[in-house]
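# Observations on the three-dimensional arrangement
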Amino acid sequence: MRVTLQSTGNAAAPEVWERYMEPTAWRTWAPQIIGVEYRGERLTADTTGRVLGPLGLPIDFRVHSVDERSWTWAWSAWFQNHAIGVDLTHGVVSQPNGTRAWLTIDGPMPLVLPYIPVAKFALGKLCAQ
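In the annotation of an unreviewed UniProt entry, the entry for the protein reads MarR family transcriptional regulator, and the organism field reads Rhodococcoides yunnanense.

Encoded structure:
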C-alpha cells in the first residue's frame, strides 16, 4: 500500500528541514519516537540507525538518500531483521507563509494504515513554529 500525506505550518522551511536532518530532534515533533540511536549528528545517505518507538520497541532503519537542494530524503524502517517494514520518502517545500511537508509511505497495509494518523500528527508538529 502506498499513501502520501502532507501538512502545512508557519515554521520556515529551512528550520523544518533541519528538524528532519537532526535525528536527536525527531522526538521533539514525532511523539511516537522516544529515542534515536544514530552515529552522526546529521542524516547522510547510506547510513543506519535505530528508532525507539512506543514502549521502547526498536525499529531499525537505513537512510537511502538525502538531497539538500530539493529538501527530500528517503529511508526504510523495519522490525527484526527486515521481516516487515516500510519505505518512507519525505520532502519539505517552502511556502509564502511557512512550509508544506509531505511523506510517502509504502509498505504492507497492516503497517501503513495504523501509521497514517500518527504520521499526520507528527507532520503537523514538524511544520509548527
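This part covers the sheet that holds strand S1 (residues 2–9). Sheets are built from strands that pair by backbone hydrogen bonding, the pairs being arranged parallel or antiparallel. Strand order in this open sheet of 7 strands is S1-S7-S6-S5-S4-S3-S2, and the pairing throughout is antiparallel. Two strands close off the open sheet at either side, each with one partner strand: S1 and strand S2 (35–38). Direction aside, the axes of adjacent strands within the sheet are offset by 25 degrees on average. Sheet topology places S1 next to strand S7 (residues 98–106); 8 bridges connect them, and they run antiparallel. Bridging from a neighbouring strand, Leu5 pairs with Leu103 of S7. Each of strand S4 (58–67), strand S5 (72–79), strand S6 (84–95) and S7 touches helix H1 (residues 13–21); the most contacted strand, S6, lies at about 160 degrees to it.

Between H1 and helix H3 (residues 109–127), whose axes approach to 9 Å, the crossing angle comes to 125 degrees. Relative to H3, the element H1 lies oblique. Contact with H1, carried on its side by Val16, Arg19 and Tyr20, involves Leu123, Lys125, Leu126 and Cys127 of H3 and no other residues of that element. In terms of residue class, the contact of H1 with H3 is built from 5 nonpolar, no polar and 2 charged.

Of note, Thr47 is situated in strand S3 (residues 47–52). Within the structure, Thr47 has its side chain in polar contact with the side chain of Tyr38 (distance 2.7 Å). The contacts of Thr47, once residues within four sequence positions are left out, are Tyr38, Phe61, Arg62 and Val63.

Using the criterion set out here, one finds 8 aromatic pairs in the structure. Between the aromatic rings of Trp26 and Phe61, the centroid separation amounts to 5.7 Å while the plane-to-plane angle is 50 degrees, which identifies the pairing as tilted. Of this pair, Trp26 sits in helix H2 (residues 26–29) while Phe61 sits in strand S4, placing them 35 residues apart in sequence. Taking the relative accessible area as the measure of exposure, Trp26 reaches 2% and is therefore buried. Take Phe61: its relative accessible area is 0%, and that puts it in the buried class. Centre to centre, the rings of Trp26 and Trp73 are 5.8 Å apart; their planes meet at 25 degrees, and the pair counts as stacked. Of the two residues, Trp26 sits in helix H2 while Trp73 sits in strand S5, which places them 47 residues apart along the sequence.

About the cut-offs
- Residues numbered from 1 in each chain as written.
- Predicted model: local features only at pLDDT ≥ 70, side-chain atom pairs only at ≥ 80, totals over all residues.
- Heavy atoms only, no water.
- Pairing = 2+ DSSP bridges.
- Helix = DSSP H or I, 4+ residues; strand = E, 2+ residues; numbered from the N terminus.
- Axes fitted to C-alpha atoms, helices over the stretch in contact; angles between N-to-C directions.
- Contact = heavy atoms within 4.5 Å.
- Parallel < 35°, antiparallel > 145°, perpendicular 65-115°, else oblique.
- Nonpolar A, V, L, I, M, F, W, Y, C, P; charged D, E, K, R; others polar.
- Polar contact = N/O pair within 3.5 Å; in protein donor to acceptor, adjacent residues only side chain to side chain.
- Phe/Tyr/Trp six-rings, centres within 6.5 Å; stacked < 30°, edge-to-face > 60°.
- Buried < 20%, exposed > 50% of the residue type's maximum accessible area, 1.4 Å probe, protein only.

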